[in-house]
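Structure at a glance
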There are 2 protein chains.
Amino acid sequence: MQIVIIGSGNVAYHMAKAFILNNIYLAQIFGRNEKELKKISEELNIPYSTDRIEDADLYIICVSDNSIENVSKVITNKNCLVAHTSGSLPKDILVGEYRKSSFYPLQTFSKSKSLKYSTIPFFIEAENEEDKRFLFEIANKISKNVMESTYEKRKYIHLTAVFACNFVNHLFSRAKEISDSQEIPFDYFFPLIDETVEKIYEIDPKLAQTGPAVRNDKRILELHEQLLKDESLEIYKTMNHSIQKMYEL
Amino acid sequence: MQIVIIGSGNVAYHMAKAFILNNIYLAQIFGRNEKELKKISEELNIPYSTDRIEDADLYIICVSDNSIENVSKVITNKNCLVAHTSGSLPKDILVGEYRKSSFYPLQTFSKSKSLKYSTIPFFIEAENEEDKRFLFEIANKISKNVMESTYEKRKYIHLTAVFACNFVNHLFSRAKEISDSQEIPFDYFFPLIDETVEKIYEIDPKLAQTGPAVRNDKRILELHEQLLKDESLEIYKTMNHSIQKMYEL
């Protein structure tokens, strides 16, 4: 069974690594960015190419959503299965006469940060039962958490992930900007951040809300607004408004 | 040395527990809400009262910012030290002829969630060296992370905490609202959320940002906006705008 991964970014790197670490042979890693491909190839001992794509049974396209459609056209095989890893695009975004599928890992990937692959939820969609079984078989080697999905559901999974991960990380960035501006070490906040997350394992976040907005503490809300400006002030107002709406304050 | 804690909410409960667990004797827990005081009193074996406040050397006021000023007036002793636990109010919010101080634990407290007290950063302010030493001595019994602060700095610490904790928790609430609406179990997102937080121990959050906004993926941003409404849509737009400003997209 020949498998090729397409891409050289964060997702491509971690998918390649997850495959190799779980004894799933990779025939090639294919992409445009030779420098990045070379690094991955050297670390994981996978052949790479920027111009000659290998014949394969399965291609997994791990490129940004913007590029999936175009990249999918390089696969001219007809008797093969192609998957993309996007959270928000239908499998029909893929352009070709091959069989189409979705292989969506619900995780945030950075090359410089190692990951435990066994807990990543994988969501699978395929055109027929055989392809689905094949993708399940592969994903099950990587993770204990593999499920079938639909495009409709996957869209909402990705949207939820944007709130719970991308936006949370941006709040950390804005928080660090504030603490940096006063020369307050950001690691003071690590126990607080850890606890904020630990809580959601035990308590519905709606019941765990603390802070001046949910107490409707106008004095503090005004004081904080005076300390903020620009985007951080906008975030402050939007989040407080949303908190107060949720609790009907 | 007689110490009294004032209040019966989340902070009062956890401060009382942190004191007791670290062998710091509490003479009384004083407040208005008899039902809550009784529960704390029974769990931690501390005498409580709603009407007769005990003579003490140190009073620690653990009530919401709105109430600190009024509550501080119940202390008529002059030769004593009074601290509040607010992140955003000056110690001079306290009304009385006693010595004033601030004893600020940087953490989020919920009665139903147990906590490791030893990593909580405590920030101390006092009028004189002796009071400062005394408060440090107490805080050092609870935590390995005790620092002096100023009101100016403490305000920004609290503001940073609002972004890194209160707003993050609200994003979890809104995320859960989205996943609940599609009957997607919220625990699918736990590995993602854990990883989002683990990353900040290793990578500056500004360098770890992922998602459609930082990729400027207009197709996905538009798709997501169509799936959202009301406060969640407002949050979506505000956060994306802030992300795109931060990365000059």
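In the annotation of an unreviewed UniProt entry, chain A is listed under the name DUF2520 domain-containing protein and assigned to Chryseobacterium fistulae.

**Remarks on the UniProt feature "domain: Pyrroline-5-carboxylate reductase catalytic N-terminal" (unreviewed entry) in chain A**
Cross-referencing UniProt, the feature "domain: Pyrroline-5-carboxylate reductase catalytic N-terminal" (unreviewed entry) maps to residues 2-75 of chain A in the present numbering. Secondary structure over residues 2-75 of chain A splits into 42% helix and 18% strand, and the C-alpha atoms at its two ends are 14 Å apart.

**So, the packing of aromatic side chains**
Residues and elements named next belong to chain A. All chains considered together, the criterion is met by 20 aromatic pairs over all chains. Consider the rings of F186 and F189, whose centres lie 5.9 Å apart with planes at 35°: the pair is tilted. Exposure remark for F186: the relative accessible area of 7% places this residue in the buried category.

**Considering the sheet that holds strand β4 (residues 58-61) of chain A**
Residue and element names in this part refer to chain A. With respect to topology, 8 strands assemble into an open sheet ordered β3-β2-β1-β4-β5-β6-β7-β8, the strand pairing being mixed. At either end of the open sheet lies a strand with only one pairing partner, and these are β3 (48-49) and β8 (146-148). Pairing of strand β1 (residues 3-6) with strand β2 (residues 28-30) involves 3 bridges; the strand directions are parallel. Within β2, the residue paired with I6 across the bridge is F30. The strands that helix α4 (residues 129-142) touches are β1, β4, β5 (81-84), β6 (99-105), β7 (122-126) and β8; relative to β7, the one it contacts most, it runs at about 165°.

**Quick look at the sheet that holds strand β6 (residues 99-105) of chain B**
Residue and element names in this part refer to chain B. The strand order β3-β2-β1-β4-β5-β6-β7-β8 describes an open sheet built from 8 strands, whose pairing is mixed. Each edge of the sheet is formed by a strand with only one pairing partner; in this case those strands are β3 (48-49) and β8 (146-148). In this sheet, β3 lies alongside strand β2 (residues 28-30) in parallel orientation, the contact comprising 2 bridges. Each residue of the ladder has a partner; that of F30, found in β3, is S49. Packed onto the sheet, helix α1 (residues 10-21) meets β1 (3-6), β2, β4 (58-61), β6 and β7 (122-126) and runs at close to 155° relative to β1.

**Details of the relation of the copies chain A and chain B**
Rotating chain A by 180° and translating it 0.0 Å along the rotation axis places it on chain B, where the RMSD comes to 0.0 Å. On this basis, the relationship between the two copies can be described by a two-fold rotation axis. Residue V168(A) of chain A places its C-alpha closer to the rotation axis than any other residue of that unit, at 2.8 Å. Mapped onto chain B, 100% of the interface residues of chain A are again interface residues, and the two copies thus contact each other with one and the same surface.

**As for the UniProt feature "domain: DUF2520" (unreviewed entry) in chain A**
When the UniProt feature table is mapped to this numbering, "domain: DUF2520" (unreviewed entry) covers residues 120-242 of chain A. Here residues 120-242 of chain A runs as 67% helix and 7% strand, with 30 Å between its end C-alpha atoms.

**Remarks on the domain arrangement of chain A**
Residues and elements named next belong to chain A. You can read the domains of chain A as domain 1 (3-149) and domain 2 (154-246). Taking only C-alpha atoms into account, the centre of domain 1 sits 34 Å from that of domain 2. Counting residues at the interface gives 14 residues for domain 1, matched by 6 residues for domain 2. Here domain 1 packs against domain 2, burying approximately 750 Å² in sum over the two surfaces, 54% of which is carbon and sulfur. Among the residues domain 1 hides against domain 2, the three largest losses belong to G87, S88 and Y104. Together they make up 45% of the total. Here domain 1 and domain 2 share 1 salt bridge between them. Salt-bridge contacts for E125 lead to R154; the nearest nitrogen and oxygen are separated by 2.5 Å. At the junction of domain 1 and domain 2, the tally comes to 6 residue pairs in polar contact (both at pLDDT 80 or more). When contributions to the side of domain 1 that touches domain 2 are tallied by element, the ones reaching two or more residues are β6 and β7.

Thresholds, definitions, all that
- Residues numbered from 1 in each chain as written.
- Chains lettered and ligands numbered in written order.
- Predicted model: local features only at pLDDT ≥ 70, side-chain atom pairs only at ≥ 80, totals over all residues.
- Heavy atoms only, no water.
- UniProt positions renumbered as here; feature names shortened; annotations may be inferred.
- Helix = DSSP H or I, 4+ residues; strand = E, 2+ residues; numbered from the N terminus.
- Phe/Tyr/Trp six-rings, centres within 6.5 Å; stacked < 30°, edge-to-face > 60°.
- Buried < 20%, exposed > 50% of the residue type's maximum accessible area, 1.4 Å probe, protein only.
- Pairing = 2+ DSSP bridges.
- Contact = heavy atoms within 4.5 Å.
- Axes fitted to C-alpha atoms, helices over the stretch in contact; angles between N-to-C directions.
- Least-squares fit on C-alpha atoms with pLDDT ≥ 70 in both.
- Domains from an automatic or database assignment.
- Buried area = accessible area lost by both parts, 1.4 Å probe.
- Salt bridge = Lys/Arg side-chain N within 4 Å of Asp/Glu carboxyl O.
- Polar contact = N/O pair within 3.5 Å; in protein donor to acceptor, adjacent residues only side chain to side chain.

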